[in-house]
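# A structural walkthrough
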Amino acid sequence: MDTPKPILPALAVDAACSGNPGVLEFRGVVADTGTEVFRRGPFMQGTNNIGEFLALVLGLAYLKKYNLPWALYTDSVTALAWVRQKTCKSKLEWNAQNQELFFMVRKAEDWLRKNTWTTPIYKWETTLWGEIPADFGRK
């Protein structure tokens, strides 16, 4: 039996957070080449789920802006659910240290409500394919 492979071309997104909450960054890369197309952070007092959510929304916006009919991959079930619901359901409290991050979350939610897209979003199958190409390699 053949093992399924990722659909290419694709954009892969991921986040890394040192602590919870902690220092957060996220990025998107072309899945088959590893070429980074965006990176944001570091942000203080973030969470991995918030970073994964923002990375997914930025990935959608990037593919729409450049009219790329690619697949989009995330390894976060939570972020995928939040994007489908068009809302970030983090319990993290807004404070002076993470204010910039929360402004980005509000902007991302607004983008989701005001835009449509045809980009298919898939869960990256880490057990079959290894770490997502956008992984920061800090585990």
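Here is what the cut-offs are and how they apply
Residues numbered from 1 in each chain as written. Predicted model: local features only at pLDDT ≥ 70, side-chain atom pairs only at ≥ 80, totals over all residues. Heavy atoms only, no water. 1 Å grid on protein atoms, 1.4 Å probe; cavity = no way out; pocket = protein on both sides within 12 Å on 5 of 7 lines; lining within 4 Å. Points joined across faces, edges and corners; volume = space filled by probe spheres on them. Helix = DSSP H or I, 4+ residues; strand = E, 2+ residues; numbered from the N terminus. Nonpolar A, V, L, I, M, F, W, Y, C, P; charged D, E, K, R; others polar. Pairing = 2+ DSSP bridges. Axes fitted to C-alpha atoms, helices over the stretch in contact; angles between N-to-C directions. Contact = heavy atoms within 4.5 Å.

Here the largest pocket defines a volume of roughly 250 Å³. Forming the walls of the largest pocket are Phe26, Arg40, Leu54, Val57, Leu58, Ala61, Met104, Lys107, Ala108 and Trp111. Elements supplying a minimum of two residues to the lining of the largest pocket: helix H1 (48-65) and helix H3 (99-114). Here the residues of the lining of the largest pocket sort into eight nonpolar, no polar and two charged.

Looking now at the sheet that holds strand E5 (residues 121-123). If you trace the five strands from one edge of the open sheet to the other, you get E3-E2-E1-E4-E5, paired in mixed fashion. Of all strands in the sheet, those with a lone pairing partner are strand E3 (36-46) and E5, marking the two edges. Across the sheet, the mean angle separating the axes of adjacent strands is 20° when strand polarity is ignored. Pairing between strand E1 (residues 10-19) and strand E4 (residues 71-74): three bridges, direction parallel. Following the sheet pairing, Leu11 is matched in E4 by Leu72. Most of the contacts of helix H2 (residues 77-85) go to E5, to which it runs at about 155°, and overall it touches E4 and E5.

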